[in-house]
Amino acid sequence: MKMKASKLAVFARNLALSAIFALVTACSSAGGPPVQVGPDLTLAPTNTLACQDGFPVQINPSFPQPFTLQGAQSCTLLSFFGGEQAGVPGTVVSANIRIGNVTGPMRFVRMRILFQNNNIGFDRACCSVEQFGQVFTPAANAVTTVALNFPMTRDPTPSPNDTTTLAAADLVGLEILAPNVPIPGNWTRNGGPQLGLPDYIYFPALSTRVNAPSSNLRSDGSYSGFLPSFNLNFVRR
């Protein structure tokens with residue numbers, strides 16, 4: 001599946017963020033203490049939208065937005081936030097997730113993106129399911145730590161003139177397994193798009209319809225500017 005120019009810019013940016021993260025983790029020895037990567041959880045999640053609300057079609061700079069695909073009983077969200085894609089191989093030993101007033105069953109999922117250079121930029125395939133975590137219900141109005149032990153693949157980025165190497169990188173997504181539980185997170189631009197923070201959503205949750213590992217699965221929708229309220233505790237391999 002070829003990327004459009006705007007998506008190419010987004011992907012290139014995230015590769016750059018991964019490189020920055022690689023520099024951070026290089027300061028820790030392999031197998032050392034976990035490094036926390038991802039959003040700062042000091043900000044409480046304010047999003048009130050749930051799986052049953054569908055996803056926004058971002059044609060205006062802010063809410064209210066038109067929505068589509070309403071009525072889902074569950075969903076899977078994959079966000080490309082800085083540091084989520086590890087710059088080096090390792091293990092996500094656990095995740096920290098902050099929830100507001102309403103909670104319900106959830107699970108984390110390890111997903112994989114494949115990418116390859118071509119003559120004009122990148123081709124990519126996104127994304128397959130590699131591993132499902134256990135179902136958990138986080139505490140309301142609190143930060144909950146969830147054990148994962150997800151082994152994260154992160155192949156070296158091919159050089160620009162290498163058009164044959166297929167590289168893989170793992171990411172962590174979140175499933176919300178109830179229709180009316182808000183997806184924990186915040187809109188960075190009041191619902192307006194932010195191309196540097198892409199989000200992909202699947203209806204219903206992938207764990208309700210595929211086994212892991214799966215083939216590549218096209219998302220049911222995409223938007224941007226939503227930052228989920230979880231981060232990862234990562235140990236370099």
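Preceding this section is the structure that the text describes.
The rules behind the values
- Residues numbered from 1 in each chain as written.
- Predicted model: local features only at pLDDT ≥ 70, side-chain atom pairs only at ≥ 80, totals over all residues.
- Heavy atoms only, no water.
- Pairing = 2+ DSSP bridges.
- Helix = DSSP H or I, 4+ residues; strand = E, 2+ residues; numbered from the N terminus.
- Axes fitted to C-alpha atoms, helices over the stretch in contact; angles between N-to-C directions.
- Polar contact = N/O pair within 3.5 Å; in protein donor to acceptor, adjacent residues only side chain to side chain.
- Disulfide = S-S within 2.5 Å.
- Buried < 20%, exposed > 50% of the residue type's maximum accessible area, 1.4 Å probe, protein only.

Draft legend 1. Quick look at the sheet that holds strand β5 (residues 90-99). The strand order across the open sheet built from four strands is β1-β14-β5-β8, with neighbouring strands paired in antiparallel fashion. Of all strands in the sheet, those with a lone pairing partner are β1 (35-37) and β8 (142-152), marking the two edges. This sheet shows a mean twist of 25 degrees between the axes of neighbouring strands, independent of strand direction. Pairing between β5 and β8: nine bridges, direction antiparallel. When the bridges of β8 are listed, I99 appears paired with A142.

Draft legend 2. Quick peek at the side chain of D170. Considering the arrangement of structural elements, one finds D170 in strand β9 (residues 167-176). There is a polar contact of 2.8 Å between the side chain of D170 and the side chain of R110.

Draft legend 3. Quick peek at the state of the cysteines. The full count for this structure, using the stated rule, is two disulfides. Between C126 and C127 runs a disulfide, and the two sulfur atoms are separated by 1.9 Å. The disulfide joining C126 to C127 has a torsion of about -80 degrees about its S-S bond and is therefore left-handed. With respect to burial, C126 and C127 carry one shared label: buried.

That's the geometry; what it means functionally is another story.
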